[in-house]
2 protein chains.
Amino acid sequence: MPILSWGKTYRLPHFYQDASAAIIVTIMLIPQSLAYALLAGLPPEIGLYASIMPLVAYMIFGTSNALAVGPVAVISLMTAAAIGKLTQSGQVDYISAAVMLALLSGVMLLLLGIFRLGFLANFLSHPVISGFIIAAGLLIATSQLGHIFGISASGQTLPALLVSLFDGRDDVNSTAFMIGCVALIFLIWVRIGMKPLLQACGLSSSLAGNISRAGPLLAVFVSIMVVQYFALGDSVAIVGTIPQGLPSFTWPDLSLDMIEVLWLPALFISIIGFVESVSVGQTLAARKNERIDSNQELIGLGAANIAASFSGGYPVTGGFARSVVNYDAGAATPAAGGVTAIGIGVATLIFTPYLYFLPKAVLAATIIIAVLSLIDVSVLKNSWRYSKSDFFAIFGTIIVTLFMGVELGVSFGVSASIALYLYQTSQPHIAEIGLVPETQHFRNILRHNVITSPIILSLRIDENIYFANAEFIEKLIQDRLEKSPNIRHVVLNCTSISLIDASALEVLESLNSFLKARSIGLHFSELKGPVEDRLLKAKFLEHLNGQVFLHHFEAVSELDPKTYINQKALAEADQSAHDGSHI
Amino acid sequence: MPILSWGKTYRLPHFYQDASAAIIVTIMLIPQSLAYALLAGLPPEIGLYASIMPLVAYMIFGTSNALAVGPVAVISLMTAAAIGKLTQSGQVDYISAAVMLALLSGVMLLLLGIFRLGFLANFLSHPVISGFIIAAGLLIATSQLGHIFGISASGQTLPALLVSLFDGRDDVNSTAFMIGCVALIFLIWVRIGMKPLLQACGLSSSLAGNISRAGPLLAVFVSIMVVQYFALGDSVAIVGTIPQGLPSFTWPDLSLDMIEVLWLPALFISIIGFVESVSVGQTLAARKNERIDSNQELIGLGAANIAASFSGGYPVTGGFARSVVNYDAGAATPAAGGVTAIGIGVATLIFTPYLYFLPKAVLAATIIIAVLSLIDVSVLKNSWRYSKSDFFAIFGTIIVTLFMGVELGVSFGVSASIALYLYQTSQPHIAEIGLVPETQHFRNILRHNVITSPIILSLRIDENIYFANAEFIEKLIQDRLEKSPNIRHVVLNCTSISLIDASALEVLESLNSFLKARSIGLHFSELKGPVEDRLLKAKFLEHLNGQVFLHHFEAVSELDPKTYINQKALAEADQSAHDGSHI
């Protein structure tokens, strides 16, 4: 338990740091937890409940000193998507499904952590995650426009949401719209104008920054006042009664039916939650030259979600913006989360009656402003410049998420990353190589002025040989030989080959017979030790119509001494020449 | 159209060769086409129809001189599995579904061929295909035991078939059982004893071989005689009336419902059919030093399946055993298939009434004997020896196919191959390397006696860096540095790296900052040209906390001259030493 290691050295100064960070995070988290519960389609108190026990559990089992666990936008959207489909068909009760989703996701994360399977998260490529988050942000912002207009907008995809907004055009509630727009404008000003103004008033940069974090809470406070004072409670959608008091222990409804329909969405939520959390955790740890242990993080997040489910909450993870605030505000240990939990607990005990008149439009405005910061299109620009195939994976993920929903979006992202990688390796770069004069080094004949032999085809295969590319390589060699009927030897330079799988072995056997039938030798040079060991074990090298050479130069000078023998003497006389050569 | 190229040089001797091969294939194909239709759950004439027009279409569009197209066992099983599920729920008519399956599969193959996507078949690894075929063979043989026992055995999985056989234990038809057993024993004798006997009687080896191909037809003939003579038509299941005459043009039922439920099974059938066909085609072409064009093969098989659907047939492909017989019998061009089509056409016109009394048990016996030759467990033994991960993929494919059906079996095989490859590359081999004394070559410090520097960590990464392994590599480097606090430079030797994707670039950026914060340099040596070009374009090398070296020796001798400078002189003095070194 990580708490035992940092707990031993925990001193009062740590507590001051953690507590001051916790106050700021609490101020930020109160409106967020209400808003994200709204986004997830849950009553507001569920958001508060998800911000108490999970934080305590993460404090005990987590490793990140800065991560602020709790409800987050993308996971709330995924929760809504997962449960929305099921409750439509009347299969399950909404709140029990949310609680179950937290339990399943917690158990999955815990098991992944215990079995040290954190590396599985690596199969989601970073750019694809970024694309997914952009699309999820757009979906969230669009879904919240309904609350701003005072109409009900529902749907899991962008077209469905837009149609639903359009259908409600005659029911726009002008009071809600006014309140929503004022809140949006105010929150945008908080983001860009408040801190400079406070600094101009003489406040220090960090104090000004911290006060501006209270912007959303201020919007909540003022809007409650306005609704109450002008008696608008009947004309706009308000939060209404929130039960006062701490969450009680709940026992999730462990029906097999529920597990059967929720395990897959829970898996998606676990993966996305873990990846989001671990990447912000790593980023913040790196700033302090610390590291986090991703398997222990899985255990920490698993415990947090299990705690969420037993205290009537819904799936949680480490939020990006909130963790950055926690870090900037000086959180020194995971205890900051524990103090935040106390803050939210106190709020739940005391302040919930005062939230009765809070307009939903204001919560929607806080969500819209929060998710707009997630929409960072620079990943599209960067990947377009660096790698077209990554760009298409990201772009496809965005499109599928927007038009077909979050679950298909994640699935598409994972499949596209894997498919593109396999596609790239299925048509590997194969360089025909020749000798750099007066050295023993071989380089691509297309990039360098090199010496080649008329009877040897020297190929450097820049990839493992495996099922997806073995036949491509075989075909390329056969095509190449058709063009040069004088070739008597094929020498494969294997510096880049770390793996030859069973399919590739079959293809090499077939290539060997093909070449043997034409009296052409098949040779290997610079085979890596483990690869050669396995080829020997498979008895492939026994009937190889050629030899295995340690060095490529050795191969060509033995197979075609006429062309190369003089080069050897030259190379020995002028070894220093080779330093300047280049692949 | 390939027919135009071989047609131009087609002469009478070719026709003699093709016709004699066609006679033997026709004799073999008559009982097979009836039997495979039975296996697919279709009336026997559908098997004959699938052996006429598809062969003509393949003759026009196909490239293999030896491939014998028509109904085959595995595809028939897959057809039965695909349609069986649907007709149970009463969604579709069995025969229209089979015709539709041929059309969809034909269109898919044609499109893959036109868009030159034949390489996609490479994503099915050979060993996995072998495993799938073993399991399919076992399923087929078990399903046919029902006909031998004279009871109805149905089911898509081995347990279902066995339960269904066991449930029918009280209804065993002893007449069918007798006929089936005699046919089985006779067919086994045909396989092993007939040819030697005929040779002992003085016939030439090839004549004896060709006569023994008629074994199944002889079994058919004799069993019809026996059933008719002893009037067993009422006591055993017989084929019954087969409509006389050629297939007429049929227009597939193009309902969207049908397409929606059949497209996925059609895709599986296309892939398995293509892979089976192209591998036998390639093997036979290689024996004559010919090659086949896999994209043109897709077009040929696509045309064959479309022809099947428009002439009331069901999915076809190139069969393994039949193509080998066609090759051995001397088929010289695709015209052999056309002549076979004429043979089957004549049989359909004239002989079908005589097949009335043919017992289904005899057809089942011919199927059992045919598929037992598919069950070759050497692939399990070989892969166990060569590669445990391939072994597990094959073994898993067999188990899933047997216990969960053919479609899940194929899906499992594809997923397992890809997952295992990604898993292997996600934890790449990373060798710490040192200088082989008196050379400029670097080798793994664990395998060789080499010189290392106390301040440089030299690592050779034996894999592309991409999303699935980038963080593994970063973590490994960080772990390694924790153990050696004196390290001031990390030099990554990139000879095996052909690809650094966008995720990997992000991780390298983070590694670069991590090392920079600790004042440790990050250097690259022997970067391949295209990889360096892309890193430059992404501006990564601009803020790299280190240098890019052309050679690893150059890197270490510049970064730690104290350790390496003398080695340079030694190496130059004794260059010849490096020839004997080894990775």
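The structure displayed is predicted, hence computed values, not measured ones.

Digging into the overall build of chain A
Scanning chain A from N- to C-terminus turns up 24 helices and 8 strands. On C-alpha atoms alone, chain A measures out to a radius of gyration of 31 Å, which is more than a quarter above the 25 Å that the 2.2 N^0.38 rule sets for 583 residues. Expressed along its principal axes, the backbone C-alpha trace of chain A runs to roughly 100 × 55 × 45 Å. A total of 583 residues make up chain A; the buried ones form 58% of that total. In chain A, of all internal contacts separated by at least 6 residues, the share reaching a separation of at least 24 is 80%. When the accessible surface of chain A is split by element, carbon and sulfur atoms take 65% of a total near 23,200 Å². Counting 31 positive and 39 negative side-chain charges, chain A places the centres of these two groups 6 Å from one another.

Observations regarding the pairing of strand 6 (residues 489-493) of chain B
All names here are of chain B. The buried fraction of strand 6 amounts to 5 of the 5 residues, a majority that puts the element mostly inside the structure. A two-sided burial pattern is seen for strand 6, the buried positions comprising His489, Val491 and Asn493 on one face and Val490 and Leu492 on the other. Note that strand 5 (residues 456-461) and strand 6 share 5 bridges and pair parallel. Looking across to strand 6, one finds that Leu457 is bridged to Val490. Taking the sense of rotation as the criterion, the β-α-β connection linking strand 5, helix 20 (residues 470-483) and strand 6 turns out right-handed.

A closer look at the relation of the copies chain A and chain B
Note on the copies: chain A fits chain B at an RMSD of 0.2 Å, the axial shift is 0.0 Å, and the rotation between them is 179 degrees. Expressed as a symmetry operation, the mapping of one chain copy onto the other fits a two-fold axis. Rotation axis and chain A: the residue whose C-alpha lies nearest the axis is A:Ser496, separated from it by 2.1 Å. Comparing interface residues between copies, 100% of those in chain A also lie at the interface in chain B; the contact surface is shared.

What about the packing of helix 7 (residues 126-149) of chain A against helix 16 (residues 360-372) of chain A?
Residues and elements named next belong to chain A. Contact geometry of helix 7 with helix 16 gives a least axis separation of 8 Å together with a crossing angle of 160 degrees. Here helix 7 lies roughly antiparallel to helix 16, going by the angle between them. In the crossing of helix 7 with helix 16, the sense of the turn from one axis to the other is left-handed. Here helix 7 contributes Gly137, Ile140, Ala141, Gln144, Leu145, His147 and Ile148 to the contact with helix 16, which in turn contributes Lys360, Ala361, Ala364, Ala365, Ile367, Ile368 and Val371. Of the residues assigned to the contact of helix 7 with helix 16, the class counts are 10 nonpolar, 3 polar and 1 charged.

A look at unusual backbone geometry
Positive phi outside glycine occurs at A:Glu526, with the angle close to 55 degrees. Tracing the backbone shows A:Glu526 in the loop between strand 7 (521-525) and helix 22 (529-537).

Some words on the domain arrangement of chain A
Domain assignment breaks chain A into domain 1 (2-376 + 389-420) and domain 2 (430-580). Of note, the centres of domain 1 of chain A and domain 2 of chain A, computed from C-alpha atoms alone, are 56 Å apart.

Side note on the packing of aromatic side chains
Enumeration according to the criterion identifies 28 aromatic pairs over all chains in this entry. Ring centres 5.4 Å apart and planes at 45 degrees place the aromatic pair B:Trp251 and B:Phe310 in the tilted group. Of this pair, B:Trp251 sits in the loop between helix 11 (215-229) and helix 12 (256-287) while B:Phe310 sits in helix 13 (residues 294-310); the two residues are 59 residues apart in sequence, bridging distant segments of the chain. For B:Trp251, a relative accessible area of 62% puts it in the exposed group. Ring centres of B:Phe391 and B:Phe392 lie 5.4 Å apart, and the angle between their planes is 80 degrees; this geometry places the pair in the edge-to-face category. According to the relative accessible area criterion, B:Phe392 is partly exposed, its value standing at 47%. Site record: aromatic cluster; members linked through ring pairs are A:Trp384, A:Phe391, A:Phe392 and A:Phe395. Sitting over the face of the ring of B:Phe166, B:Arg169 holds its NZ or CZ atom 4.1 Å from the ring centroid. When the ring centre of B:Trp384 is taken as reference, the NZ or CZ atom of B:Lys388 above it lies at 4.5 Å.

Regarding the interface of chain A and chain B
In this assembly, 75 residues from chain A lie in contact with 75 residues from chain B. Looking at the side of chain A facing chain B, the largest losses of area belong to A:Arg291, A:Tyr386 and A:Tyr421, adding up to 13% of the total buried there. For the pair chain A and chain B, the number of links is 4 salt bridges. We note a salt bridge from B:Asp462 to A:Lys528, for which the minimum N-O separation is 3.3 Å. For the side of chain A that touches chain B, the elements supplying multiple residues, two or more each, are helix 7, helix 17 (378-386), helix 19 (406-426), helix 20 (470-483), helix 21 (502-517), helix 22 and helix 24 (561-573) of chain A.

What to know about the sheet that holds strand 4 (residues 442-444) of chain B
Each strand in a sheet pairs with its neighbour through backbone hydrogen bonds, running either in the same direction (parallel) or in the opposite one (antiparallel). Residues and elements named next belong to chain B. Strands sit in the order 4-3-5-6-7-8 across an open sheet of 6 strands; the sheet is mixed. The outermost strands of the open sheet, each flanked by one partner alone, are strand 4 and strand 8 (548-549). Helix 23 (residues 552-559) rests against strand 3 (430-435), strand 4, strand 5, strand 6, strand 7 (521-525) and strand 8 of the sheet, and its axis sits at about 175 degrees to strand 6.

Side note on the confidence of the model for chain A
Fine structural detail should not be taken from predicted coordinates in areas where pLDDT scores are low. All names here are of chain A. Here chain A averages 88 in pLDDT, and 96% of its residues register 70 or above. Averaged over each element, pLDDT in chain A is lowest for helix 24 (68) and highest for helix 4 (residues 53-61) (96). Below a pLDDT of 50 lies the segment residues 575-583, which in the model reaches 32 contacts outside its immediate sequence neighbourhood of four places, other chains included. Here the complex is predicted with pTM 0.77, and the ipTM for its interfaces comes to 0.74.

Thoughts on the environment of A:Leu420
Residues and elements named next belong to chain A. Looking at where Leu420 falls in the secondary structure, it is placed in helix 19. With 30 residues separating them in the primary sequence, Leu420 and Asp390 have C-alpha atoms 7.9 Å apart. Those residues in contact with Leu420, other than ones at most four positions away along the chain, are Ser389 and Ala393.

Section: helix 4 of chain A
Looking at helix 4 of chain A, one finds that the buried residues are A:Pro54, A:Leu55, A:Ala57, A:Tyr58 and A:Met59. Against the buried residues of helix 4 of chain A lie helix 1 (2-8), helix 2 (12-39), helix 3 (44-49), strand 1 (69-70), helix 13 (294-310) and helix 15 (335-350) of chain A.

Thresholds, definitions, all that
Residues numbered from 1 in each chain as written. Chains lettered and ligands numbered in written order. Predicted model: local features only at pLDDT ≥ 70, side-chain atom pairs only at ≥ 80, totals over all residues. Heavy atoms only, no water. Helix = DSSP H or I, 4+ residues; strand = E, 2+ residues; numbered from the N terminus. Rg over C-alpha atoms; globule rule 2.2 N^0.38 Å. Buried < 20%, exposed > 50% of the residue type's maximum accessible area, 1.4 Å probe, protein only. Contact = heavy atoms within 4.5 Å. Areas by Shrake-Rupley, 256 points an atom, 1.4 Å probe, with all protein chains shown as cover. Lys, Arg positive; Asp, Glu negative; His and termini not counted. Charge placed at Lys NZ, Arg CZ, Asp CG, Glu CD. Pairing = 2+ DSSP bridges. Right-handed = clockwise from strand over helix to strand, strands pointing away. Least-squares fit on C-alpha atoms with pLDDT ≥ 70 in both. Axes fitted to C-alpha atoms, helices over the stretch in contact; angles between N-to-C directions. Parallel < 35°, antiparallel > 145°, perpendicular 65-115°, else oblique. Left-handed = near helix turned anticlockwise from the far one by under 90°. Nonpolar A, V, L, I, M, F, W, Y, C, P; charged D, E, K, R; others polar. Domains from an automatic or database assignment. Phe/Tyr/Trp six-rings, centres within 6.5 Å; stacked < 30°, edge-to-face > 60°. Lys NZ or Arg CZ within 6 Å of the ring centre and 35° of its normal. Buried area = accessible area lost by both parts, 1.4 Å probe. Salt bridge = Lys/Arg side-chain N within 4 Å of Asp/Glu carboxyl O. pLDDT = per-residue confidence, 0-100.

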